[in-house]
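A structural walkthrough
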Amino acid sequence: MITILFGPPGCGKGTQAAIISERFSLPHVSTGEMLRDEVAAGSDLGEEVAPIMKDGGLIPDNVMVRVIERRLAQPDAAGGVLLDGFPRTVPQAEELDDMLERSGREIGVVLFFDVPEAELQKRIAHRAEIDHRADDTPEAFVKRMREYEAKTAPVVDYYQERGTRVEYVNGNAPIAAVTDSILTIYGDQSPRGEVA
Ligand code: ADP
């Protein structure tokens, strides 16, 4: 089963994906992490995306679709994955649906993390002090929020219109409480398993 973790920058989807991934031995596919690895390795892709990421912009859809297609074709992805950071635009969501249909897979659930903007800003400012991520500056955060609202938020409507299961997660709660609400959403169903 494919789980999509979805929400604004700083909503905690990466944190929860890491916890769920460990608990169910499921790959955590974070496009942000993959891109940061490319930047650190100094690859051609890394050189291409570094300035866009630093600025808080979105990487072109065709680049991201290539990256994710290659990742989902890896053998460890066959039993399901936690997708964190993709899709981030409606065209990416459409491409993902086509990709999954071709390989006979489908999205089990979209977890939509709800967190007020003031809290997001606080978390990113806090993370900036610890992680030193190039895009955790106040300027890049504003741009990331704007990109999120304009291009990413409409992805939820896309899934709702298609009848894909979307579940709201209150992300404005302690980490363990957020994990609990995700486990409640899975219920008896393992995120590794097929969709009932
Ligand atoms: P955040 O904490 O803001 O959710 P991520 O670690 O998921 O950040 O991503 C960091 C940056 O990587 C984004 O701001 C964007 O530049 C780039 N990126 C990651 N995934 C995508 C995607 N699916 N489409 C376009 N750009 C992406």
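So, here is what we can say about the structure in this document.

Cut-off values and rules
Residues numbered from 1 in each chain as written. Predicted model: local features only at pLDDT ≥ 70, side-chain atom pairs only at ≥ 80, totals over all residues. Heavy atoms only, no water. Phe/Tyr/Trp six-rings, centres within 6.5 Å; stacked < 30°, edge-to-face > 60°. Buried < 20%, exposed > 50% of the residue type's maximum accessible area, 1.4 Å probe, protein only. Salt bridge = Lys/Arg side-chain N within 4 Å of Asp/Glu carboxyl O. Helix = DSSP H or I, 4+ residues; strand = E, 2+ residues; numbered from the N terminus. Arc of directions from axis to C-beta. Contact = heavy atoms within 4.5 Å. Near = heavy atom within 4 Å. Polar contact = N/O pair within 3.5 Å; in protein donor to acceptor, adjacent residues only side chain to side chain. Areas by Shrake-Rupley, 256 points an atom, 1.4 Å probe, with all protein chains shown as cover. 1 Å grid on protein atoms, 1.4 Å probe; cavity = no way out; pocket = protein on both sides within 12 Å on 5 of 7 lines; lining within 4 Å. Sits in = over half its atoms within 2 Å of the grid points. Nonpolar A, V, L, I, M, F, W, Y, C, P; charged D, E, K, R; others polar.

The next point concerns the packing of aromatic side chains. Overall, the coordinates contain five aromatic pairs when judged by the stated rule. An angle of 70° between the planes, with centres 5.3 Å apart, marks the rings of Tyr-158 and Tyr-159 as edge-to-face. A relative accessible area of 0% means that Tyr-159 is categorised as buried. Ring pairing ties together the aromatic residues Phe-6, Phe-112, Tyr-148 and Tyr-168, which thus form one cluster.

Looking now at the pattern of salt bridges. This structure, assessed with the given rule, holds 14 salt bridges. Ionic pairing is found between Asp-97 and Arg-162, a salt bridge with its closest N-O pair at 3.3 Å. Of this pair, Asp-97 sits in helix α5 (residues 90–102) while Arg-162 is found in helix α8 (residues 154–162), placing the two residues 65 residues apart along the sequence. The exposure class assigned to Asp-97 is buried, which follows from its relative accessible area of 11%. Take Arg-162: its relative accessible area is 51%, and that puts it in the exposed class. One salt-bridge network, held together by shared partners, links Arg-127, Arg-133, Asp-135, Asp-136 and Arg-144.

Looking now at helix α3 (residues 44–55). Two residues of an α-helix separated by three or four positions point the same way, owing to the 3.6 residues in each turn. Taken as a whole, α3 has its buried residues at Leu-45, Gly-46, Val-49 and Met-53. Buried residues of α3 fall within an arc of 85° about the axis and therefore sit on the same side. Exposed residues on α3 whose side chains face more than 90 degrees from its buried face are Asp-44, Glu-47, Pro-51 and Lys-54. Residues of α3 that are buried make contact with α2 (31–41) and α4 (61–72). Directly after α3, the chain includes Gly-56, whose backbone phi takes a positive value near 90°.

Right, let's get into the site of the ligand. In the neighbourhood of the ligand, 19 residues make up the surrounding shell, with Lys-13, Thr-31, Gly-57, Gly-85 and Arg-144 lying closest. Between the ligand and Arg-36, the relevant distance is 3.0 Å, taken from an oxygen atom to a side-chain nitrogen or oxygen of the residue. Within the contact set of the ligand, a nitrogen atom lies 2.9 Å away from a side-chain nitrogen or oxygen of Gln-92. Burial of the ligand by the surrounding chains reaches 96%, relative to a free accessible area of 550 Å². Cavity membership is defined here by more than half of the atoms lying within 2 Å of grid points; on that basis the ligand lies in the largest pocket. It is α2 that provides the largest number of residues to the shell around the ligand, a total of four residues. Looking at the shell around the ligand residue by residue, the classes come out as seven nonpolar, five polar and seven charged.

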